[in-house]
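Here are the chains, one letter per residue:
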Amino acid sequence: MNASNRGVGGWMAGAAALVLLAGGCSKGAKEEGHAWKTSYDAALADAGKAKRPIILDFYTDW
Amino acid sequence: MDTTTAARYHVRGYPTVLVLKPDGTEIDRIVGYYRAPEFISQVEDYVAGRNTLASMIEAEATQGQNAEFVSKLADKYNEHGLDAEAKSRFERVITLDPENKTGLVDDALINLARMERREKDYEGYRRYSQMVVDKYPDSDMMHLAKLQVAGSYKREGNLAKARELYLDFAKQFPDDEDAADAREEADSLGAQIAREKAGKTGA
């Protein structure tokens, strides 16, 4: 019942970005060989070139 | 890119997924877990400009008196970490629907309480929690609200009052799934109070 009992130390947190290509989210990513990037700047540069939106996922592994 | 990027977009919890324009400005975000079909339809909505914070801010001009709409807008602001805007909308839900016909007012109060707790305003945390107990005793969040009232005293350091309320809770709702936790909380507070007493007289 008490979420504050959980400690923060030791949890892995990260972020990954995916440029959404024409043709939908997952399909575009798979068929055109694009993958999640862990560099924000690289994803931004790709998205700018392709003029496509980005999905930016903030996640943890706990 | 973890923490700097998270800070740049005011990400407060995990998982949070942002949908960005090609230039990196945020269209909107999805906070928490959703099943794949719902998740995909939210992303598609955002890319098309639907159900975004920006579109809801625009819609507020015409739907600002509709408690259900205002409640959604409050949640949206809350997800974006825009506390002042979220608070004023949660407050408006309470004003728009004093009899809680929508069933959204107790939610609004619990949200307001938690925002106060986040800001370490435990008096405010208690005030909103107590309103659920007093005004909406039939709410499915009434038990939670009672525990929050007890917790507010604990956080303020009023251990005796907190202990008393946890004991009351366990006595009043012996079959509640949280009754055992409340008893445990009361026991540990009792031990802490005893320790502090012994420490004082010992010194």
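All values reported here derive from a predicted model rather than from experimental measurement.

A. Examining the interface of chain B and chain A more closely. Listed by partner, the interface residues are 22 residues for chain B and 21 residues for chain A. Mapped onto the side of chain B that touches chain A, the elements with two or more residues apiece are α1 (2–8), β1 (16–20) and α2 (36–47) of chain B. The residue makeup of the side of chain B that touches chain A, split by class, is 14 nonpolar, 3 polar and 5 charged. Relative to β1(B), strand β2 (residues 54–60) of chain A is paired through 5 bridges, and the arrangement is antiparallel. Looking at β1(B), one finds that A:F58 is bridged to B:T16.

B. Representation of the nonpolar core. Formed by 32 residues in total, the largest nonpolar core has its most connected members in B:A74, B:V93, B:A108, B:L109, B:A150, B:L165 and B:Y166. With 6 residues, helix α6 (residues 105–118) of chain B is the single largest residue contributor to this core. Discounting residues that sit within four places of it in the chain, B:V93 has contacts with B:A67, B:V70, B:S71, B:A74, B:L104, B:V105 and B:A108. Core analysis: the second largest hydrophobic core is formed by 21 residues, A:A17, A:Y40, A:A43 and B:V11 among them.

C. Structural context of the confidence of the model for chain A. Residue and element names in this part refer to chain A. Looking at chain A as a whole, the pLDDT averages 68, with 55% of positions reaching at least 70. Of the regions scoring below 50 in pLDDT, residues 1–11 engages in 4 contacts with residues more than four places distant in sequence or in other chains. Contacts from residues 23–31, a stretch scored under 50 in pLDDT, to residues over four places away or in other chains number 9 contacts.

Rules and cut-offs
Residues numbered from 1 in each chain as written. Chains lettered and ligands numbered in written order. Predicted model: local features only at pLDDT ≥ 70, side-chain atom pairs only at ≥ 80, totals over all residues. Contact = placed C-beta atoms within 7 Å. Helix = DSSP H or I, 4+ residues; strand = E, 2+ residues; numbered from the N terminus. Nonpolar A, V, L, I, M, F, W, Y, C, P; charged D, E, K, R; others polar. Pairing = 2+ DSSP bridges. Core = buried A, V, L, I, M, F, W, Y, C linked by C-beta atoms within 7 Å. Buried ≥ 20, exposed ≤ 12 C-beta atoms within 10 Å, placed from the backbone. pLDDT = per-residue confidence, 0-100.

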